[in-house]
Amino acid sequence: MAEERPLVLVTCTAPVNIAVIKYWGKRDNDLILPINSSLSVTLHQDQLKTTTTAAASRDFTEDRLWLNGEEADVGHPRVQACLREVRRLARKRRGGSAEDTAPLSLSYKIHIATENNFPTAAGLASSAAGYACLVSALARLYGVEGELSEVARRGSGSACRSMMGGFVQWQRGERLDGRDSLAHQVAPEMHWPELRVLILVVSGEKKQVGSTAGMQTSVDTSPLLKHRAEVVVPERLALMMRHIRERDFEGFGQLTMQDSNQFHATCLDTFPPIFYLNDLSRHIIALAHRFNTHHGHTKVAYTFDAGPNAVIFTLADTVAEFVEVVRHSFPPATNGDQFVRGLPVGVASLPEELLTAVVTEPVPGAVRYILHTKPGPGPQLVDDPSQHLLGADGLPRCRA
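Everything numeric here is computed off the predicted structure, so don't read it as measured data.

S.K.: Mind showing me how you'd approach the overall build of the protein here?
M.R.: When helices and strands are tallied, the protein shows nine helices and 17 strands. Taking 2.2 N^0.38 as the reference for a compact globule, 400 residues should give roughly 21 Å; the C-alpha atoms of the protein span a radius of gyration of 22 Å, in line with that estimate. Considered along the principal axes of its C-alpha atoms, the protein spans approximately 75 × 50 × 40 Å. Buried positions account for 56% of the 400 residues belonging to the protein. Pairs at least 24 apart in sequence give 77% of the contacts found in the protein among residues at least 6 apart. Per element, the accessible surface of the protein, about 17200 Å² overall, is 51% carbon and sulfur. Side-chain charges in the protein split into 41 positive and 44 negative, and the spacing between the mean points of these groups amounts to 3 Å.

Written as structure tokens, this is what we have:
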């Protein structure tokens, strides 16, 4: 019989992804099956990531979960679904009978600690990173390999896209059991090295209508959503994949903005209507269009998920100028030096005619900060034991 270790610890990190062809609406709430396919860009973990440590021990008396240092409900149905699926795959891999020889007994209770280095539930895809990270850590803990996007999908639909880096499609699938509703990589993170992402954080607050409740109401009441899923998305998906393959920013940017706008139109078409964009979001939309019009082509493209924070796609050579435009349009209140975070941003001086054409009425302090990032890889295993979120006793470590 294999030597039993008192405590087995695994730590992983996982990325946020931002959809450019949006997922909104489920055809099966339990299995989390979407009414349409979607496509996203995985963001780099140096700027945005979830870290999760999973530990198993014969000494644990119950499963426990900590989120950002606070104990959370490990009995949450979606957490349980992921746990159940990974344990099922582990059992299958062991042939159902090799329980005694496996290094880790499936009957052991587990402790999970997870933290984000960004605001949770503020429209920054925290659940996607969170469940992708949970599944990655559990799979490592139990020695499960292979197709894991289907398991992550059971936690949060968009989490299946965070299981890979670069440009990722989540296929709707046709089967009732969801076995073909999987994510696959369209292009790796290095495919488009000049692509950059600017996240304009206008709010760190929790959204008023959660995505799960919101999309269910949309499915029940919005005829526009049905048309979108059946007619619009399949065409757009093929087009978007072509733009990405050809690194065509003009096409990619325009379609990204159009799809974001249509997603929010379906929210407005929902009854009662859902408003994820606020006045500031609309201000940023108008600013992007004025900037592009001034330049005579698409240099920046916005997209908004279920929250007011703007995600701007652009190319590396435009970053400094657009950041300066944002700084003029939304002069930072107090954190001038902390206004731009993430990847370094160069200095740009704006010509007078650009300022006149693009910056209309400044709104001081409206944008809290800008996060500069780029496409990045999928979940990573953390080798450094000092990075574990749980200590040798299986409880959260006090982090300074």
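S.K.: What am I meant to see in the environment of Gly 69 here?
M.R.: Its location among the elements puts Gly 69 in the loop between β7 (64–67) and β8 (70–72). Distance in space between the C-alpha atoms of Gly 69 and Glu 324 is 36 Å, their sequence separation being 255 residues.

S.K.: Help me understand helix α4 (residues 211–221) in this model?
M.R.: Each α-helix winds once per 3.6 residues, and so residues spaced three or four apart point in a common direction. Taken together, the buried positions of α4 are occupied by Gly 214, Met 215 and Ser 218. Angular distribution of buried residues about the axis of α4 spans 90°; they occupy a single face of the element. Contact partners of the buried residues in α4: β3 (26–28), α5 (223–245) and α6 (249–269).

S.K.: Explain the sheet that holds strand β6 (residues 49–57) to me, please; I cannot follow it from the model alone.
M.R.: Backbone-to-backbone hydrogen bonds pair the strands of a sheet. The strands run either parallel or antiparallel. If you walk across this open sheet you meet the six strands as β8-β7-β9-β6-β1-β17, and the pairing is mixed. Here the strands that pair on one side only, and so sit at the sheet edges, are β8 and β17 (380–381). With four bridges joining them, β7 and strand β9 (residues 109–116) adopt parallel strand pairing. Paired with Leu 65 across the two strands is Ile 112, which belongs to β9.

S.K.: Would you explain the domain arrangement of the protein in this entry?
M.R.: Frequently, the measure chosen for interface size is the accessible area that the parts lose on association. According to the domain assignment, the protein contains domain 1 (8–188 + 379–387) and domain 2 (195–373). The distance between the C-alpha centroids of domain 1 and domain 2 comes to 27 Å. Opposite the 30 residues of domain 1 that make contact, domain 2 presents 47 residues. Interface area, domain 1 with domain 2, both sides summed: about 3100 Å², of which 72% is carbon and sulfur. Per-residue buried area on domain 1 facing domain 2 is highest for Ile 21, Lys 22 and Trp 24; these three make up 27% of the total on that side.

S.K.: What should I look at first to understand the nonpolar core in this one?
M.R.: One broad trend across soluble globular proteins is that nonpolar side chains are buried collectively. Core analysis: the largest hydrophobic core is formed by 62 residues, its most contacted members being Ile 199, Leu 200, Phe 252, Ile 312, Phe 313, Phe 322 and Val 325. Here this core spans two domains, and each of domain 1 (8–188 + 379–387) and domain 2 (195–373) adds at least three residues to it. Core analysis: the second largest hydrophobic core is formed by 35 residues, Val 10, Cys 12, Ala 137 and Met 163 among them.

S.K.: Whenever I open this one, the packing of helix α1 (residues 77–93) against helix α2 (residues 126–142) confuses me. Can you help?
M.R.: In a packed pair of helices, the relevant descriptors are the angle between the two axes and the axis-to-axis distance. The contact between α1 and α2 brings their axes to 10 Å, and the two run at 30°. Relative to α2, the element α1 is oriented roughly parallel. Along this stretch, α1 crosses α2, giving a crossing that reads as right-handed. Contacts between α1 and α2 pair Arg 78, Val 79, Cys 82, Leu 83, Val 86, Arg 87 and Ala 90 from the former with Tyr 131, Leu 134, Val 135, Leu 138, Ala 139 and Tyr 142 from the latter. Residues that form the contact of α1 with α2 fall into these classes: 11 nonpolar, no polar and two charged.

S.K.: Before we go on, may I ask you to explain the state of the cysteines in this structure?
M.R.: Note on terminology: disulfide describes a covalent bond linking the sulfur atoms of two cysteines. This structure, assessed with the given rule, holds zero disulfides. Left without a disulfide partner, Cys 12 is nearest to the cysteine sulfur of Cys 133, which lies 6.1 Å away. Cys 82 takes part in no disulfide bond, and the closest cysteine sulfur to it belongs to Cys 160, at a distance of 11 Å.

S.K.: I keep staring at the packing of helix α7 (residues 279–295) against helix α8 (residues 319–329) and nothing clicks. Help me out?
M.R.: Their axes nearest at 12 Å, the elements α7 and α8 cross at an angle of 130°. Classified by the angle their axes make, α7 and α8 are oblique. Seen along the crossing, α7 lies across α8 with a hand that is right-handed. Counting all contacts with α7, which are made through Leu 287, Phe 291 and His 295, the residues of α8 involved are Glu 321, Phe 322, Val 325, Val 326 and Ser 329. Considering only residue class, the contact of α7 with α8 consists of five nonpolar, two polar and one charged.

S.K.: Looking at this structure, how should I read the pattern of salt bridges?
M.R.: Close approach of charged atoms allows side chains of opposite charge to pair. Taken as a whole, this structure holds 15 salt bridges when the rule is applied. The partner of Arg 175 in a salt bridge is Asp 177, and the shortest N-O contact between them spans 2.5 Å. On the accessibility criterion, Arg 175 (44% relative accessible area) is partly exposed. The structure contains a network of salt bridges with shared partners spanning Glu 85, Arg 88 and Arg 154.

S.K.: Would you explain unusual backbone geometry in this entry?
M.R.: The step from Phe 271 to Pro 272 runs through a cis peptide bond, and the omega angle for that step is -5°. By secondary structure assignment, the location of Pro 272 is in the loop between α6 and α7. Phi at Ile 32 takes a positive value of approximately 55°, unusual for a residue other than glycine. Looking at where Ile 32 falls in the secondary structure, it is placed in the loop between β3 and β4 (33–34). With relative accessibility at 1%, the residue Ile 32 sits in the buried group. Positioned with a positive phi, Arg 247 is a non-glycine residue whose angle comes to about 50°. With respect to the element layout, Arg 247 can be found in the loop between α5 and α6.

What counts, and at which threshold
Residues numbered from 1 in each chain as written. Predicted model: local features only at pLDDT ≥ 70, side-chain atom pairs only at ≥ 80, totals over all residues. Heavy atoms only, no water. Helix = DSSP H or I, 4+ residues; strand = E, 2+ residues; numbered from the N terminus. Rg over C-alpha atoms; globule rule 2.2 N^0.38 Å. Buried < 20%, exposed > 50% of the residue type's maximum accessible area, 1.4 Å probe, protein only. Contact = heavy atoms within 4.5 Å. Areas by Shrake-Rupley, 256 points an atom, 1.4 Å probe, with all protein chains shown as cover. Lys, Arg positive; Asp, Glu negative; His and termini not counted. Charge placed at Lys NZ, Arg CZ, Asp CG, Glu CD. Arc of directions from axis to C-beta. Pairing = 2+ DSSP bridges. Domains from an automatic or database assignment. Buried area = accessible area lost by both parts, 1.4 Å probe. Core = buried A, V, L, I, M, F, W, Y, C linked by side-chain atoms within 4.5 Å. Axes fitted to C-alpha atoms, helices over the stretch in contact; angles between N-to-C directions. Parallel < 35°, antiparallel > 145°, perpendicular 65-115°, else oblique. Left-handed = near helix turned anticlockwise from the far one by under 90°. Nonpolar A, V, L, I, M, F, W, Y, C, P; charged D, E, K, R; others polar. Disulfide = S-S within 2.5 Å. Salt bridge = Lys/Arg side-chain N within 4 Å of Asp/Glu carboxyl O.

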